[in-house]
Amino acid sequence: MSDEKRAETLGRLMAVGREHSGVTVMFHSAIAAKQGLNATEEKTLDLLERHGPLTAKDLARLTGLAPASVTGLVDRLESKGFARRVKHPTDKRRVLVELDADRVGELAVFFEDWARDIVEACEEFSTEELDTVVRFLAVMAERQRAAAARLTGS
């Protein structure tokens, strides 16, 4: 019975994971479109906001994109005024990509309602349950990052 229950639970997990993935992409696409971005550009801005200035190589590692794709991505973000290339502070041969904080700040308004929804939804769960969700999502993020890297050959 336990194997059947686990199989049924894993099936439901896969189904809800697909649903979550789809609505996440659509949500970020909608936010990105408000500022003339695509979802990849918007999520790259999120990476830069969370990690600070990054090299193109760092962005390739974190996004799973091929280096040539990252170059085009940074070119687009720069031309739209959301990011800029700057000299690395200690290695003049390297270039960092950094955010234009004012321009990225324009995106914050689109996340305010969503942030309130998240806080409200979390009230349904105990701290221990949320700890399990955090652990699960962290593992899944690493696995998906690795899968993306395999797909792009990076």
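For the structure itself, consult the block above.
Caption draft 1: Examining helix α1 (residues 2-34) more closely. Given a rise of 1.5 Å per residue, 33 residues ought to cover 48 Å, and the 47 Å separating the end C-alpha atoms of α1 matches this to within 8%. Within the sequence span of α1, burial applies to His28, Ile31 and Ala32. Looking at the buried side of α1, the elements it contacts are α2 (39-51) and α6 (108-122). At the C-terminal side of α1, Gly36 shows a positive phi close to 75°.

Caption draft 2: Representation of the packing of α2 against helix α3 (residues 56-63) in the model. The interhelical angle for the contact between α2 and α3, taken along N-to-C directions, is 115°, at an axis separation of 11 Å. Taken together, α2 and α3 sit at an angle that is classed as roughly perpendicular. Crossing of α2 over α3 shows right-handed handedness. Contacts between α2 and α3 involve Thr44, Leu47, Leu48 and His51 from the first element and Leu59, Leu62 and Thr63 from the second.

Caption draft 3: Molecular detail of a nonpolar patch on the surface. On the surface, Leu10, Leu13, Val16, Val133, Phe136, Leu137, Val139 and Met140 cluster together into a nonpolar patch covering about 640 Å² of accessible area. Looking at the nonpolar patch, the elements with two or more residues in it are α1 and α7 (127-152). Looking at which element gives the most residues to the nonpolar patch, the answer is α7, with five residues. On the accessibility criterion, Val133 (39% relative accessible area) is partly exposed.

Caption draft 4: View of the environment of Thr152. Turning to its location among the elements, Thr152 is positioned in helix α7. Relative accessible area serves as the criterion here: at 34%, Thr152 is assigned to the partly exposed category. Once residues lying within four places of it in the same chain are set aside, the contact partners of Thr152 are Gly64, Leu65 and Ala66.

The rules behind each value
Residues numbered from 1 in each chain as written. Predicted model: local features only at pLDDT ≥ 70, side-chain atom pairs only at ≥ 80, totals over all residues. Heavy atoms only, no water. Helix = DSSP H or I, 4+ residues; strand = E, 2+ residues; numbered from the N terminus. Expected span 1.5 Å × (residues − 1). Buried < 20%, exposed > 50% of the residue type's maximum accessible area, 1.4 Å probe, protein only. Contact = heavy atoms within 4.5 Å. Axes fitted to C-alpha atoms, helices over the stretch in contact; angles between N-to-C directions. Parallel < 35°, antiparallel > 145°, perpendicular 65-115°, else oblique. Left-handed = near helix turned anticlockwise from the far one by under 90°. Patch = residues over 30% accessible without salt bridge, like charges linked within 9 Å, V, L, I, M, F, W, Y side chains within 5 Å. Areas by Shrake-Rupley, 256 points an atom, 1.4 Å probe, with all protein chains shown as cover. Salt bridge = Lys/Arg side-chain N within 4 Å of Asp/Glu carboxyl O.

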